Amino acid sequence: MSKYSNIFLLSDAEYENIGDCLRLRKYGSWLAEEAWKREEQGQKRAQFTLKAIALAKKIAVEKQVEEDEAFAMLQGTSDGGSILSEYSEETVSLMSTMPSAKDQFGELITIFFRNRGEILSGKKWSATDDWSMEDTQKLPKAWLKQIEAFMALEDENRTFSDGDEQQVEEEGKN
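Residues numbered from 1 in each chain as written. Predicted model: local features only at pLDDT ≥ 70, side-chain atom pairs only at ≥ 80, totals over all residues. Heavy atoms only, no water.

Trainee: Could you give an account of the side chain of Gln-104, with specific residues and numbers?
Mentor: Tracing the sequence through the fold places Gln-104 in helix 6 (residues 101-116). Given the relative accessible area of 8%, Gln-104 is considered buried. (Helix = DSSP H or I, 4+ residues; strand = E, 2+ residues; numbered from the N terminus. Buried < 20%, exposed > 50% of the residue type's maximum accessible area, 1.4 Å probe, protein only.)

This is the structure:
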């Protein structure tokens, strides 16, 4: 954390224990860096989807089929094997841009521990601001579920800007 972080993070801290030796500080929402990383990950998923749609459109034109059928071919549900081999370069390129949900979740956990985490060393809690992806990969699966539940709870408490509230209200009406 920067030298300024403590100024606006001063308060009676509440924590969520993870196992018996880790904990994450509660803020009632995601911190900016955490939210920005999630947004960046969403953009990567969107880019992958757009590339998949573009390839499906190309296949639809070249094979003179509907775009839905071409997309089904890409997914392997309709003559997908021959399409995948015929368009192997494009599909390999496409698949290389597909973000891994596991990797994205690991990135978020790593950021959460850098920003909020503490580890119990003897009788003293120490910040985990040097937490790495390797540390995240060593966590037990049961703890990952605890962390995921914590992240969801912190996300539920987020506040929306006026535009976001209006969008959520409109989605609720549909």
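Right, picking up where we left off after that structure.
Trainee: Explain the pairing of strand 4 (residues 124-127) residue by residue, including any values.
Mentor: Looking down a regular strand, the side chains alternate between one sheet face and the other. Summarising the sheet, strand 3 (residues 117-121) and strand 4 pair through four bridges and their orientation is antiparallel. Residue pairing across strands places Ile-119 opposite Ser-126, the latter belonging to strand 4. Linking strand 3 to strand 4, which pair antiparallel, is a turn of two residues; within it Gly-122 sits at a positive phi near 70°. (Pairing = 2+ DSSP bridges.)

Trainee: With reference to specific residues and values, describe the nonpolar core.
Mentor: Among the nonpolar cores identified, the biggest contains 14 residues, and Leu-22, Phe-113, Leu-139, Ile-147 and Met-151 are the most heavily contacted of them. Where this core is concerned, the elements lending two or more residues are strand 2 (22-26), helix 6 and helix 8 (141-156). If near-sequence neighbours (up to four positions away) are discounted, Phe-113 is found in contact with Leu-22, Arg-23, Leu-24, Thr-128, Asp-129, Trp-131, Leu-139 and Ile-147. In terms of nonpolar packing, the next biggest core, distinct from the first, is built from 12 residues, Phe-48, Ala-52, Met-73 and Tyr-87 among them. (Core = buried A, V, L, I, M, F, W, Y, C linked by side-chain atoms within 4.5 Å. Contact = heavy atoms within 4.5 Å.)

Trainee: Please give an account of the packing of helix 2 (residues 32-63) against helix 6 that cites residues and values.
Mentor: The contact between helix 2 and helix 6 brings their axes to 10 Å, and the two run at 170°. When the axes of helix 2 and helix 6 are compared, the pair comes out roughly antiparallel. Note on element contacts: helix 6 touches helix 2 through Gln-104, Glu-107, Leu-108, Ile-111, Phe-112, Asn-115 and Arg-116, opposite Glu-33, Glu-34, Lys-37, Arg-38, Gln-41, Lys-44 and Arg-45. Its residues assigned to classes, the contact of helix 2 with helix 6 shows three nonpolar, three polar and eight charged. (Axes fitted to C-alpha atoms, helices over the stretch in contact; angles between N-to-C directions. Parallel < 35°, antiparallel > 145°, perpendicular 65-115°, else oblique. Nonpolar A, V, L, I, M, F, W, Y, C, P; charged D, E, K, R; others polar.)

Trainee: Tell me about helix 8, and name the residues and values.
Mentor: Here helix 8 spans 23 Å end to end across 16 residues, near enough to the 22 Å set by a 1.5 Å rise per residue. When helix 8 is considered as a whole, its buried residues turn out to be Trp-143, Ile-147, Phe-150, Met-151, Glu-154 and Asp-155. All buried residues of helix 8 project into a common sector of 135° when viewed along the axis, lining one side. Of the exposed residues in helix 8, those oriented more than 90 degrees away from the buried face are Lys-141, Ala-142, Lys-145 and Glu-156. In this structure, the buried side of helix 8 is in contact with strand 1 (14-18), strand 2, helix 2 and helix 6. (Expected span 1.5 Å × (residues − 1). Arc of directions from axis to C-beta.)

Trainee: Talk me through the side chain of Thr-136; I want residue IDs and the actual numbers.
Mentor: Here Thr-136 is to be found in helix 7 (residues 133-137). Not counting residues up to four positions away in its chain, the partners in contact with Thr-136 are Gly-106, Ile-109, Thr-110 and Trp-131.

Trainee: Run through a negative patch on the surface, naming residues and quoting values.
Mentor: Among the surface-exposed residues, Glu-66, Glu-67, Asp-68 and Glu-69 lie close enough to one another that they form a single negatively charged patch. Of note, Glu-67 is situated in helix 3 (residues 67-74). Taking the relative accessible area as the measure of exposure, Glu-67 reaches 43% and is therefore partly exposed. (Patch = residues over 30% accessible without salt bridge, like charges linked within 9 Å, V, L, I, M, F, W, Y side chains within 5 Å. Areas by Shrake-Rupley, 256 points an atom, 1.4 Å probe, with all protein chains shown as cover. Salt bridge = Lys/Arg side-chain N within 4 Å of Asp/Glu carboxyl O. Lys, Arg positive; Asp, Glu negative; His and termini not counted. Charge placed at Lys NZ, Arg CZ, Asp CG, Glu CD.)

No statement about biological role is implied by the geometric values presented.
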